[in-house]
Amino acid sequence: MNFLRGVMGGQSAGPQHTEAETIQKLCDRVASSTLLDDRRNAVRALKSLSKKYRLEVGIQAMEHLIHVLQTDRSDSEIIGYALDTLYNIISNEEEEEVEENSTRQSEDLGSQFTEIFIKQQENVTLLLSLLEEFDFHVRWPGVKLLTSLLKQLGPQVQQIILVSPMGVSRLMDLLADSREVIRNDGVLLLQALTRSNGAIQKIVAFENAFERLLDIISEEGNSDGGIVVEDCLILLQNLLKNNNSNQNFFKEGSYIQRMKPWFEVGEENSGWSAQKVTNLHLMLQLVRVLVSPTNPPGATSSCQKAMFQCGLLQQLCTILMATGVPADILTETINTVSEVIRGCQINQDYFASVNAPSNPPRPAIVVLLMSMVNERQPFVLRCAVLYCFQCFLYKNQKGQGEIVSTLLPSTIDATGNSVSAGQLLCGGLFSTDSLSNWCAAVALAHALQENATQKEQLLRVQLATSIGNPPVSLLQQCTNILSQGSKIQTRVGLLMLLCTWLSNCPIAVTHFLHNSANVPFLTGQIAENLGEEEQLVQGLCALLLGISIYFNDNSLESYMKEKLKQLIEKRIGKENFIEKLGFISKHELYSRASQKPQPNFPSPEYMIFDHEFTKLVKELEGVITKAIYKSSEEDKKEEEVKKTLEQHDNIVTHYKNMIREQDLQLDELRQQVSTLKCQNEQLQTAVTQQVSQIQQHKDQYNLLKIQLGKDNQHQGSYSEGAQMNGIQPEEIGRLREEIEELKCNQELLQSQLTEKDSMIENLKSSQTSGTNEQSSAIVSARDSEQVAELKQELATLKSQLNSQSVEITKLQTEKQELLQKTEAFAKSVEVQGETETIIATKTTDVEGRLSALLQETKELKNEIKALSEERTAIKEQLDSSNSTIAILQTEKDKLELEITDSKKEQDDLLVLLADQDQKILSLKNKLKDLGHPVEEEDELESGDQEDEDDESEDPGKDLDHI
């Protein structure tokens, strides 16, 4: 500081110390001082002088400052002063306003110093290495200095950075700096670096620039952010505009989806700041960069589909129909939506379904057309709406048909409650505003572009001109207005509509020529010598007349091709006609309109040509010229050639169709073969599984057969059937146990019956012959007959009991009679002792017999009761046994039925396999007949298939044997 004060004090103390001398001394001190503090002070002094004495400091100190950057990198403070000084020398930014001449001198001075600095490429490389320093006093002035170099001599500095190792990567690190001032200046540096250099743009993009920039935009608040968002959007435009590689990378990286939050606008759209309008304008332009018509069609189409899928198009349409949106944003949004839907059928269909939030809702297309034909709307907005309508109809035959259908009588709303697109176009076509006439005519021409069907449909449109007069066709009304001598813009629009309508449509040409006033009007317009303003109308009339000749099908005898040519030669002259036709392409506005599809005009008077119409002129001008100069013989030859070519084309088309059909048939046969192969493989797998399953069933059957023995063969078959139908071995064991229990129960019943037989034998001695028969019947009864016989036995015993009771009663009666006789004999005097002895003996015998009978009767009753109880028990056991046997029989029948079904399925599979093999063989023969080579492997596979089918039949036979 003392040194600086001395220098400055010496400078102000006497006039002998000029500025140049002071700067020279400071430079000497920088070059010769050994102390770092002295050099630092000297550089700081040069920095303070560099703004006011830019030329002197630059000439004398630049070399020393560069040397400081090379040698004193350890001291960040002196490096920072040196970088600031170099920035002041090279930069053209001055604090005070200066005159224009001094400004030019300043710019020249900055570029000269920049050229000196970058003459040694090592200086730029050194500056790039300094940017790796994290120190704020080094990095920030380094960023500003490099930005200034790029602004002065951008292409040269870009080339040096491009060849510098890791040069671009070092600069990309600036976007990750936590200090916002460095990050923001880094964005400005990358703006200057990526301007008009595709190679650097690709490197920056692949260094993850999109991710970082979108993060910054999101952090700053999207469209509500400040100038940093604006700088990031400008950098994104630099990276994407006219760079197909980066556009593809942007789309594939799913960055289009991250653009949707940019356009989330609230319901209240009043009071937008200027910065928000700027940001949103740049965002819309960025969307247009991705879907620009100048991009490759494939890239544009993929971006359009991505914007629809992520909802970006829907968001833009929301802004389009919102209220309170600034006019310039609304205009740019319309242009953006136009290019997003242009040529994309999905997007066009969605746009056709959008309705404005009105009551009742109206289609967005109708609302936009109302603005287009309204002369009070801003000119740029009307141009934007026209562009949107053109993009909606571009390569959209469905949309074209919908627009034309609104003009047809069958679809016009008779109530008049709603306005259609066709009515708006007709209203604009015949209004008093020439701009509305031109816009409506061009819009209607786009509804007919490359669509012969709609050109014919439009011929049906009838217009009611006034009350009481018959309706006239739309074609006739256009020619009527044309002949009334309206404004040039109106006539140009109508002529462009008629030329588009009549081209490639002989029916429309016939309708046009059918009005006898049209051809004289055209020839009169072309033949007159008018001023320069009318020359364009004359050229368009010549084009319309030429179209009437070229696309004439000679259906009207009075206006055949040859007669029209003779008329031109007599009234106009061929050379004059061709000259007038050439006025169109020579017009100054023709080339401007042919460059871009968007109708971008500075003012309404420049709105003359349409982009698609310029293509039509370029296509027809040459062929019409040839058609005018051709003679009738050449026309006939050309017609013959055309017919021959048509015949050849028909033959070629026929063969193409045949080949296409054969290809389709081959494809179908190949698909059938592949399907049959798959089915064959599946059936082979199924058969293999069935064979293995049958083999398992066989093994299980043999095992069960051995276990059960020959006596239980029936039961073993039952078990085998159960296993074959899915019954597990555990269930078979359970069934076996149940059968054993039934056997035990049967043996127990047999033993019980044997006991009953022995008991009945004991009763034989006291029973009658009927009882003996009943006992023998019980002994011989078995199974279900036992119950009936026991019932019969009980009935017999009851009858015997009754008979014995009768006998007992009879004996008692005899006893009473004997007692009465005994009493009578006792009274007799004559018989005394002998009679008493006989009576006593008889009485004793009778009483003994009676008591024996009573005892036997009691025993029989007890025996009958026991037998009844045993009968009930036996009946219950037999019922249980019968039910078990019935269940087992049912299961057996079911299993046998399932075995039968399984056998039938096996047989069906074998038959199906045989049929499939036969079909495959026939298909192969067809393929061979069609010339399609069949591999030997396929034949081997078919042979193997037959062998496997034969093998699959053997298990079926074994199963039948089982």
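Residues numbered from 1 in each chain as written. Predicted model: local features only at pLDDT ≥ 70, side-chain atom pairs only at ≥ 80, totals over all residues. Heavy atoms only, no water.

Q: Help me understand the side chain of asparagine 437, please; the structure alone is not making it clear to me.
A: Within the secondary structure, asparagine 437 sits in helix 25 (residues 434-448). In this structure asparagine 437 comes out as buried when scored by relative accessible area, which is 4%. A distance of 2.9 Å separates a polar atom in the side chain of asparagine 437 from a polar atom in the side chain of threonine 490. Setting aside chain neighbours within four positions, we find asparagine 437 in contact with Gly428, Leu429, Phe430, Ser431 and Thr490. (Helix = DSSP H or I, 4+ residues; strand = E, 2+ residues; numbered from the N terminus. Buried < 20%, exposed > 50% of the residue type's maximum accessible area, 1.4 Å probe, protein only. Polar contact = N/O pair within 3.5 Å; in protein donor to acceptor, adjacent residues only side chain to side chain. Contact = heavy atoms within 4.5 Å.)

Q: What should I look at first to understand the packing of helix 7 (residues 121-130) against helix 8 (residues 136-152) in this one?
A: For any two helices packed against each other, the geometry comes down to the angle between their axes and how far apart the axes lie. Packing of helix 7 against helix 8 brings their axes to within 9 Å, and their N-to-C directions diverge by 145°. Once helix 7 is placed against helix 8, the crossing between them reads as left-handed. Residues Leu127, Leu128 and Leu130 of helix 7 form the contact with helix 8, whose own contacting residues are Val138, Gly142, Leu145, Leu146 and Leu149. Classifying every residue of the contact of helix 7 with helix 8 gives seven nonpolar, one polar and no charged. (Axes fitted to C-alpha atoms, helices over the stretch in contact; angles between N-to-C directions. Left-handed = near helix turned anticlockwise from the far one by under 90°. Nonpolar A, V, L, I, M, F, W, Y, C, P; charged D, E, K, R; others polar.)

Q: Just checking my understanding: could you explain the environment of leucine 109 for this structure?
A: As for its position among the elements, leucine 109 is in helix 6 (residues 100-119). Considered as a pair, leucine 109 and glutamine 152 are 43 residues apart in the sequence and their alpha carbons are 9.9 Å apart.

Q: Before we go on, may I ask you to explain the confidence of the model for the protein in this structure?
A: Put simply, the protein has an average pLDDT of 81, and 76% of its residues get 70 or more. Segment residues 766-784 is flagged for pLDDT under 50; beyond a separation of four residues in sequence, or across chains, it makes 30 contacts in the model. When the criterion is pLDDT under 50, residues 828-840 qualifies, and its contacts beyond four places in sequence or with other chains add up to four contacts. (pLDDT = per-residue confidence, 0-100.)

Q: Looking at this structure, I do not really get unusual backbone geometry. What am I missing?
A: The phi torsion at asparagine 222 lies on the positive side, around 55°, for a residue other than glycine. Following the sequence through the fold, asparagine 222 ends up in the loop between helix 13 (209-219) and helix 14 (227-240). On the basis of relative accessibility, which here comes to 17%, the residue asparagine 222 falls in the buried class. Even without a glycine there, the phi angle at lysine 395 is positive, about 55°. Residue position: lysine 395 is located in the loop between helix 22 (379-393) and helix 23 (397-405).

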